[in-house]
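Here's the letter readout for the chains.
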Amino acid sequence: MGVTSVVKIDADQGAEDGLEELVALARMIAYARQVAQDVKLPFATNCLDLALEAVKQEVGEGLTRELAELSSPVPQVSVRSH
């Protein structure tokens, strides 16, 4: 195993950790959104909908099934910087 292989393994582990953190963040946002909806805070609910969709876009299509239960009524929009 050369240096290149070690770097690739570390990069793969870092990417996997980053995805796990984004999924955890999506779950926290979804929980906060539900609480905001329960206490009838429509502006906060809408803001959290947008945040959830942005995180889901960042995660990408790879984990769509895992995040399916975190769906919100916000349509898909692009939040990438130009």
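- As recorded in an unreviewed UniProt entry, the chain goes by DUF768 domain-containing protein and comes from Rhizobium indicum.

**Some thoughts on the environment of L22**
Part 1: Position of L22 relative to the elements: it lies in helix α1 (residues 3-38).
Part 2: Taking the relative accessible area as the measure of exposure, L22 reaches 22% and is therefore partly exposed.
Part 3: Not counting the four nearest positions on each side in its chain, L22 is found in contact with V55, E58 and V59.

**Quick word on the nonpolar core**
Part 1: Of all hydrophobic cores here, the largest spans six residues; its members are A26, I29, A30, L52, V55 and V59.
Part 2: Counting only elements with at least two residues in this core, the list comes to α1 and α2 (42-59).

Cut-offs and rules
Residues numbered from 1 in each chain as written. Predicted model: local features only at pLDDT ≥ 70, side-chain atom pairs only at ≥ 80, totals over all residues. Heavy atoms only, no water. Helix = DSSP H or I, 4+ residues; strand = E, 2+ residues; numbered from the N terminus. Buried < 20%, exposed > 50% of the residue type's maximum accessible area, 1.4 Å probe, protein only. Contact = heavy atoms within 4.5 Å. Core = buried A, V, L, I, M, F, W, Y, C linked by side-chain atoms within 4.5 Å.

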